[in-house]
Amino acid sequence: MSTGDLLSIEPQELQFPFEPRKQISCSLQLFNKTDNYVAFKVKTTNPKKYCVRPNTGIVSPRSSCDVIVTMQAQKEVPPDMQCKDKFLLQSVVASAGAAAKDITPEMFNKESGHHVEESKLRVVYVAPPRPPSPVHEGSEEGSSPRASVSDNGNLNASDFTPVSKAFGERNDTQDNSSE
């Protein structure tokens, strides 16, 4: 677990077992490390692709909150199974006894002098779990050592390269509110 002084966020990257034409969800657990009420807000660089519930909320002192991030079904597998989408989780101390209805955009406005903690989370596609193949997959004459597509259209897990791009300091994060 890591992150700021207010909230611990687990996991630090959103892993989606990518399958074309399938909606996929993963969860984030937010743990309030303080004796204060903490308001949070989730933003993403690609709001049309993801649904976040709840996308704003209050975490009571020393308690936790689960946030579900759902990726809408994608038509095709992205090149190299890489994803550049990012999430930004903002958190700020709220007044005692605050509820989700008390959250305002102003609370997350740094220019107003509020101390806003920000945690950046990246999205990673992982190979979907699949049953072992009954066909022997040894090296065959003429086969390429590069990534190949098997008969059922899925890439083999061993063909993936880990993604390790840092979040660029860009201000293209947008609200992910669709109420």
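Residues numbered from 1 in each chain as written. Predicted model: local features only at pLDDT ≥ 70, side-chain atom pairs only at ≥ 80, totals over all residues. Heavy atoms only, no water.

### Concerning the confidence of the model for the protein
Moving on, step 1. Summary statistics for the protein give a mean pLDDT of 81 and a share of 71% for residues scoring 70 or more.
Moving on, step 2. In this model residues 143-174 is a low-confidence stretch, pLDDT under 50, and it forms 37 contacts with partners more than four residues away in sequence or in other chains. (pLDDT = per-residue confidence, 0-100. Contact = heavy atoms within 4.5 Å.)

### Describing the sheet that holds strand 1 (residues 7-10)
Note on sheets: strands pair through backbone hydrogen bonds, and any given pair is parallel or antiparallel.
Moving on, step 1. Spatially, the 4 strands line up as an open sheet ordered 1-3-7-5, and their pairing is antiparallel. Since the sheet does not close on itself, it has two edges, and those belong to strand 1 and strand 5 (50-53), each with one partner. Each neighbouring strand pair of the sheet contributes to a mean axis angle of 20°, computed without reference to strand direction.
Moving on, step 2. Here 4 bridges tie strand 5 to strand 7 (residues 64-71), and the two strands are oriented antiparallel to one another. What sits directly across from Val-52, in strand 7, is Val-69. (Pairing = 2+ DSSP bridges. Helix = DSSP H or I, 4+ residues; strand = E, 2+ residues; numbered from the N terminus. Axes fitted to C-alpha atoms, helices over the stretch in contact; angles between N-to-C directions.)

### Remarks on the packing of aromatic side chains
Moving on, step 1. Per the stated rule, a full pass over the model turns up 3 aromatic pairs.
Moving on, step 2. Ring centres of Phe-18 and Tyr-125 lie 4.7 Å apart, and the angle between their planes is 50°; on these two criteria the pair is classed as tilted. On the criterion of sequence distance, the pair formed by Phe-18 in the loop between strand 2 (13-17) and strand 3 (24-32) and Tyr-125 in strand 9 (residues 117-126) is long-range, its members being 107 residues apart. The burial state of Phe-18 is the same as that of Tyr-125; both residues are buried.
Moving on, step 3. Ring centres of Tyr-50 and Phe-87 lie 5.0 Å apart, and the angle between their planes is 75°; on these two criteria the pair is classed as edge-to-face. Of the two residues, Tyr-50 sits in strand 5 while Phe-87 sits in strand 8 (residues 86-94), which places them 37 residues apart along the sequence. Accessibility assignment for this pair places Tyr-50 and Phe-87 in one class, buried.
Moving on, step 4. Chaining the aromatic ring pairs together yields one cluster made of Phe-16, Tyr-50 and Phe-87. (Phe/Tyr/Trp six-rings, centres within 6.5 Å; stacked < 30°, edge-to-face > 60°. Buried < 20%, exposed > 50% of the residue type's maximum accessible area, 1.4 Å probe, protein only.)

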